[in-house]
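Each chain, letter by letter, is given below.
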Amino acid sequence: MTYRHDVGTRRWVFADLRELMAKATPPRSGDMLAGIAAGSAEENVAAKICLADVPLKRFLTEVLIPYETDEVTRLIIDTHDAVAFAPISHMTVGDFRNFLLSDAATPSVLAKLAPGITPEMAAAVSKLMRNQDLILIAKKCPVVTKFRNTIGLPGTLAVRLQPNHPTDDPAGVAASILDGLLYGCGDAVIGLNPASDSLPVLSDLLKLLDGIIERFEIPTQACVLTHVTTSIELINRGVPIDLVFQSVAGTEAANQSFGVNLAVLQEGMEAARSLKRGTIGDNVMYFETGQGSALSANAHHGVDQQTCEARAYAVCRPFEPLLVNTVVGFIGPEYLYDGKQIIRAGLEDHFCGKLMGLPLGCDVCYTNHAEADQDDMDTLLTLLATAGLTYVMGIPGADDVMLNYQSTSFHDSLYIRDLLGLKRAPEFEAWLQRMNITGADGRILNHDASHALLGMMPHLAA
Amino acid sequence: MSKHVVTDFWAGLSRSTPARIALGRAGSGLPTQQVLDFSMAHAQARDAVHTPFDGDGVEAAIRDLGFTTFRVASAAPDRSTYLRRPDYGRRLSDSSRVALEVAAHGPVDLALVVADGLSSTAIHTQAPLFLAALKPWIVEAGWSTGPVVIAEQARVALGDEVGEVMKARAVLLLVGERPGLSSPDSLGLYLTHTPRVGRNDGERNCISNVRAEGLAHHLAAFKLVWLLREALTRGLTGVQLKDESDMLLVDGIPPVPRLAGA
């Protein structure tokens, strides 16, 4: 159906819900590239005004991507929890925003609602929100997951230790791991992006990570971020795998370009769970997403990139992931042009994911051809941490020497803990103290060369 | 060293990785020197993206190697548009296409394209050095090339249109790669058999990180020639063509072309 709004003598008309959503989105380069963005500031706001009056129920009947041709739409519709949805089923998008901000929307109320909230509903309400709304409401949606430690408790922020090396050199990877652990990082996961996709190399890297975790009894998990089918193959060969990784997007066609579908993700989850390597939980999946991936694969169906991103969280949801990571600024300025767009997108992604009940972390990052710098990352990191972000990246000096982009550093995690009093996952926090890496207050102690962790690589010590 | 900076005893491990480990700290923050070092690296990477392409200088350097040249521009009129609209950077401007159609005498075995991409610094530094390493192999194989096409505000897929117009069996595009903080001048090589507008990246072979500190020019040239021979023999590039040139290396050193110095 069409949507319309009059401003003076000017009538703004939007052909369908898909167009309305795209035109109501805060400005970003990817939607302009796709040719679906609002043509003027007034059209943008007119679309928001129309969107505010759309009943939430409409999203269950007017789908943005056809049910018949897209398995993500089928997943969203077929698994929608009508009972959970009932308390908000009478609301419009605009009233939904009011409700979310109200005192009635407590953390326990919101947790019960999550299975009734479709990605399109989350995306729609986010489009009416200012940054402060996105922060405050996300803060009311803690999501706790477990494998060998407890991630997502209120008052905590975890860190993925990302020890990438341009040639996967084991000693180089181990050096970055040591650096990160001694800076108190690694509770979310020790997660390596390999340069290689050769099975023997990946197998050696997984054994390296597993060996370090086992030797020092670190209450954390390892992941080598390779294709889900590769992880399944490695599991079949008896290689120790804690978490199965996969990049996912919000449309069937985009996932196809990643070489995955819902069935193969299910297979990956079952393979990882069959190993029973988690000690306190079986959240075994690690997903990465990012606005623009559907457009980049020419698989966006005219849907704006923020809505496509929220649909990616619907893809993650049935697989009960330990971690979901929006890699917000990685894709480049043709999708998120500058620091302002990256910051807004990071807050939207975190909000939508948390509202839908997912453990959203954020790779607060940018590339060198975007109009952004480390100051923008400081801003987004600070905002997301106040919003209850699940985890961030920890990369030596914030410079990923394999993927060629800048993210957040081990030091950045210390900054945000100092500023906001955020703790690590409790099991990991206790381990750091046992290892004399941190004191009872969680602050880093001064170390010397006798530290036990250096046993990781004695032949390389200074 | 400032008395307010805590140094890290594991600094010796830096030998094993280019990652920025053992930076030390001032409280929970980076020491001043590390903040400034990072800023300089970022400035160099930013400049690599935005430094105007010195087409005249690159053309002169390539002509000095004995190649003829032809200058074209993409459909992106300026850097800002180029960054927002990758689709423009993948196509020739109308006037460049017409001019190339007039000038092209085709068919050729290999079309050579030098594209500024996301780092004009990489092209200024690496393109002449790489072409110098490649040329003796081209001479030895007797491949026809036509002029080296020098393209401004160009992305990888622009090579498809150039190769199509030149009726090339394959196109090799040299492109300035997205600059990393520690590698602002890295060259990428993309080889595409039967170039046609609309080819996708799965139909290309890529050799990345060509620079003195990465993959050396002579080694990159050797790998490229290996791929090109295979591509011309098998009639394809892309995911079905795996780089097995390493098997011909002896202690990591490639053989030299018989006509080295030609």
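Remember, it's a predicted structure, so these values are computed and weren't measured experimentally.

Peer 1: What's the story with the overall build of chain A in this structure? I'm lost.
Peer 2: Within chain A one finds 21 helices and 14 strands. Relative to a compact globule of 462 residues, whose C-alpha radius of gyration would be 23 Å, chain A shows 22 Å and is just as compact. Principal-axis analysis of the C-alpha atoms places the extent of chain A at approximately 75 × 45 × 45 Å. Burial status across chain A gives 63% buried among its 462 residues. For chain A, restricting intrachain contacts to residue pairs at least 6 apart in sequence, the fraction spanning at least 24 positions comes to 76%. Accessible surface computed for chain A: about 15,400 Å², of which carbon and sulfur atoms make up 54%. Chain A carries 35 positive and 54 negative side-chain charges, and their two centres are separated by 6 Å.

Peer 1: Is there a simple way to think about the interface of chain A and chain B in this case?
Peer 2: Frequently, the measure chosen for interface size is the accessible area removed from exposure when the parts meet. On the chain B side, the residues contacting the 51 residues of chain A number 40 residues. Summed over both sides, the interface between chain A and chain B buries roughly 3,600 Å², with carbon and sulfur atoms accounting for 58% of that surface. A per-residue breakdown of the area chain A buries against chain B is headed by A:Asn368, A:His369 and A:His411, which together make up 18% of the total. Our count for the chain A to chain B interface comes out at two salt bridges. With its nearest N and O atoms 3.1 Å apart, the salt bridge here joins B:Arg46 to A:Glu371. The tally of links between chain A and chain B comes to 19 residue pairs in polar contact (both at pLDDT 80 or more). Among the elements of the structure, helix 11 (170-182), strand 14 (405-406) and helix 20 (410-420) of chain A are those that each provide at least two residues to the side of chain A that touches chain B. In terms of residue count, helix 11 of chain A provides more of the side of chain A that touches chain B than any other element does, seven residues in total. Within the side of chain A that touches chain B, the residues separate by chemical class into 28 nonpolar, 14 polar and nine charged.

Peer 1: Where do I start with the side chain of B:Asn205 in this structure?
Peer 2: All names here are of chain B. Secondary-structure assignment places asparagine 205 in strand 6 (residues 204-210). A polar side-chain atom of asparagine 205 sits 2.7 Å from the main-chain amide nitrogen of glycine 238. When residues no more than four places from it in sequence are discounted, the contact partners of asparagine 205 are Leu189, Tyr190, Leu191, Leu227, Thr237, Gly238 and Leu241.

Peer 1: It is not clear to me how the sheet that holds strand 2 (residues 108-115) of chain B should be interpreted in this structure. Could you clarify?
Peer 2: Note on sheets: strands pair through backbone hydrogen bonds, and any given pair is parallel or antiparallel. Residue and element names in this part refer to chain B. Judged by pairing direction, the sheet is mixed, and its six strands sit side by side in the order 1-3-2-4-5-6 without closing on themselves. With one partner strand each, in any of the chains shown, strand 1 (69-73) and strand 6 form the two edges of the open sheet. When strand polarity is set aside, the average angle formed by the axes of neighbouring strands in this sheet is 20 degrees. Note: strand 5 (residues 187-193) against strand 6, five bridges, orientation antiparallel. The residue bridging leucine 191 from the neighbouring strand is asparagine 205, located in strand 6. Lying over the sheet, helix 5 (residues 94-103) contacts strand 1 and strand 3 (148-152), oriented at roughly 155 degrees with respect to strand 1. Each of strand 2, strand 3, strand 4 (168-176), strand 5 and strand 6 touches helix 6 (residues 120-141); the most contacted strand, strand 4, lies at about 150 degrees to it.

Peer 1: Would you mind showing me how to read helix 1 (residues 32-50) of chain B here?
Peer 2: Given 3.6 residues per helical turn, the α-helix brings residues three or four places apart onto the same face. Given a rise of 1.5 Å per residue, 19 residues ought to cover 27 Å, and the 27 Å separating the end C-alpha atoms of helix 1 of chain B matches this to within 8%. For helix 1 of chain B, every residue scored as buried is listed here: B:Phe38, B:Ala41, B:His42, B:Ala45, B:Arg46, B:Ala48 and B:Val49. Down the axis of helix 1 of chain B, the sector holding all buried residues measures 155 degrees, keeping them to one side. Away from the buried face of helix 1 of chain B by more than 90 degrees, exposed residues B:Thr32, B:Gln33 and B:Leu36 are located. Among the structural elements, helix 19 (374-386), strand 13 (399-400) and strand 14 of chain A together with helix 3 (79-84) and helix 6 of chain B are those in contact with the buried residues of helix 1 of chain B.

Cut-offs used in this document
Residues numbered from 1 in each chain as written. Chains lettered and ligands numbered in written order. Predicted model: local features only at pLDDT ≥ 70, side-chain atom pairs only at ≥ 80, totals over all residues. Heavy atoms only, no water. Helix = DSSP H or I, 4+ residues; strand = E, 2+ residues; numbered from the N terminus. Rg over C-alpha atoms; globule rule 2.2 N^0.38 Å. Buried < 20%, exposed > 50% of the residue type's maximum accessible area, 1.4 Å probe, protein only. Contact = heavy atoms within 4.5 Å. Areas by Shrake-Rupley, 256 points an atom, 1.4 Å probe, with all protein chains shown as cover. Lys, Arg positive; Asp, Glu negative; His and termini not counted. Charge placed at Lys NZ, Arg CZ, Asp CG, Glu CD. Buried area = accessible area lost by both parts, 1.4 Å probe. Salt bridge = Lys/Arg side-chain N within 4 Å of Asp/Glu carboxyl O. Polar contact = N/O pair within 3.5 Å; in protein donor to acceptor, adjacent residues only side chain to side chain. Nonpolar A, V, L, I, M, F, W, Y, C, P; charged D, E, K, R; others polar. Pairing = 2+ DSSP bridges. Axes fitted to C-alpha atoms, helices over the stretch in contact; angles between N-to-C directions. Expected span 1.5 Å × (residues − 1). Arc of directions from axis to C-beta.

Honestly, that's just the spatial picture; any functional story needs more than this.
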